[in-house]
Amino acid sequence: MTPICLTCGEPAGIGLEIAQNAWDMQGRETPFVLLADPCHVAGPIQVVETLDAYDPQGPLPVLAHGFAGDAVPGIPDPRNARGVIEVIERGVALVKSGAASALCTLPIHKKALKDGAGFKHPGHTEFLAALDGKSRVVMMLACPELRVVPATIHIALSEVTTELTPELLTETLRITAAALRRDFGIPSPRLSVCGLNPHAGEGGAMGREELDWIAPLLTNLKQEGLQVTGPWPADTMFHAAARENYDAAIAMYHDQALIPIKTIDFAGGVNVTLGLDFIRTSPDHGTAFDIAGTAKADPSSTLAAIRLAWDMAANRGAI
């Protein structure tokens with residue numbers, strides 16, 4: 001079986017201790033190898049030369065990548081910024097070569113990367129898109145009860161109406177539908193689209209975007225064969241009965257998407273990047289410097305991210 005490549009993320013965060021917990025809890029069922037500096041990992045490990053050269057009955061397998069600084073819980077070292085970036089680049093190369101079945105990334109700290117290495121990307125997702133040569137990718141948040149995609153992501157709310165264009169929404173819907181077919185095994189995915197305005201504009205009384213271009217765009221896509229409905233009032237789309245009517249919800253902006261999934265499954269949500277040539281998942285949380293090194297970190301989201309990466313790889317025939 002071809003293992004998942006798990007990148008270490010920020011060494012001062014909770015990622016490395018969670019990797020240990022994940023291996024102990026399910027590493028034999030969903031095999032992965034951690035790409036990290038062995039000196040940063042506190043627990044028992046086996047250092048491997050290649051991704052497939054590990055003992056499945058042994059301790060956490062680590063493919064070594066040297067870092068310039070130490071790993072002090074809660075205190076990022078600027079000297080490690082370049083190593084964090086290199087690990088992501090190396091992980092992408094491994095999965096694109098077929099040495100890994102998928103990429104699962106532990107959390108980075110964007111400010112630490114910017115301060116230590118001049119990192120210019122808004123986040124992990126945008127960096128991975130650049131490494132894969134993609135001009136447009138889609139961020140999905142997934143848990144067993146809900147899959148949701150924000151059409152616009154890390155921008156100010158005041159910028160949403162400028163950035164949310166017919167082209168962006170169309171590409172988001174098409175990329176999401178294609179990924180649901182290929183990676184989630186859903187032959188005819190059903191997409192449900194939130195309105196931008198309260199009550200989806202209420203017939204123009206609270207905004208005209210739904211009338212002027214969102215609804216006509218969805219009509220055109222339905223005529224092309226995409227199973228898409230909406231725009232619906234966002235406040236009625238996420239209760240249990242409504243969720244039975246779609247395979248993924250398309251939201252218009254960040255919090256419209258993330259509030260419902262974090263309410264439904266705060267600890268177990270998974271960040272998935274759609275539209276890449278390779279599979280990438282990540283736990284839906286940050287570095288949590290405040291609890292790093294205290295053994296309080298919950299591994300649920302990382303466990304879910306590894307399991308989902310494994311299932312997606314199986315749907316692609318990559319394991």
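Criteria and cut-off values
Residues numbered from 1 in each chain as written. Predicted model: local features only at pLDDT ≥ 70, side-chain atom pairs only at ≥ 80, totals over all residues. Heavy atoms only, no water. Core = buried A, V, L, I, M, F, W, Y, C linked by side-chain atoms within 4.5 Å. Buried < 20%, exposed > 50% of the residue type's maximum accessible area, 1.4 Å probe, protein only. Helix = DSSP H or I, 4+ residues; strand = E, 2+ residues; numbered from the N terminus. Contact = heavy atoms within 4.5 Å. Salt bridge = Lys/Arg side-chain N within 4 Å of Asp/Glu carboxyl O. Pairing = 2+ DSSP bridges. Axes fitted to C-alpha atoms, helices over the stretch in contact; angles between N-to-C directions.

Student: I keep staring at the nonpolar core and nothing clicks. Help me out?
Tutor: By size, the foremost hydrophobic cluster in this structure holds 85 residues, and its most contacted members are Leu34, Met140, Leu169 and Leu173. Ranked by residues supplied to this core, first place goes to helix α10 (residues 300-316) with 9 residues. Those residues in contact with Leu34 that sit more than four places away from it in its chain are Leu6, Thr7, Cys8, Leu16, Ala19, Val41, Leu60, Pro61, Val62, Leu63 and Leu106. Met139, Ala234, Met237 and Ala257 belong to the second-largest nonpolar core, a separate cluster that totals 16 residues.

Student: Explanation requested: the pattern of salt bridges in the structure shown.
Tutor: Should the charged atoms of two oppositely charged side chains come close, the side chains can pair. A full pass over the atoms with the stated rule returns 11 salt bridges. Asp115 serves as the salt-bridge partner of Lys111, at 2.6 Å between the closest nitrogen and oxygen. In this pair, Lys111 and Asp115 both sit in helix α3 (residues 110-117), 4 residues apart, roughly one turn of the helix. We note that Lys111, like Asp115, is exposed. A salt bridge links Asp183 to Arg182; the shortest N-O distance between them is 3.7 Å. Among the charged side chains, a salt-bridge network with shared partners connects Lys96, Asp132, Lys134 and Asp277.

Student: For this particular structure, what's the right way to read the sheet that holds strand β1 (residues 4-7)?
Tutor: Strand order in this open sheet of 12 strands is β3-β4-β2-β1-β5-β12-β11-β6-β7-β10-β8-β9, and the pairing throughout is mixed. The sheet is open, and its two edges are formed by β3 (45-48) and β9 (227-232), each paired on a single side. Each strand axis lies, on average, 30 degrees off the axis of its neighbour in the sheet, ignoring direction. Direction of pairing for β1 relative to strand β5 (residues 103-105): parallel, over a ladder of 3 bridges. Bridge pairing in β5 places Leu6 opposite Cys104.

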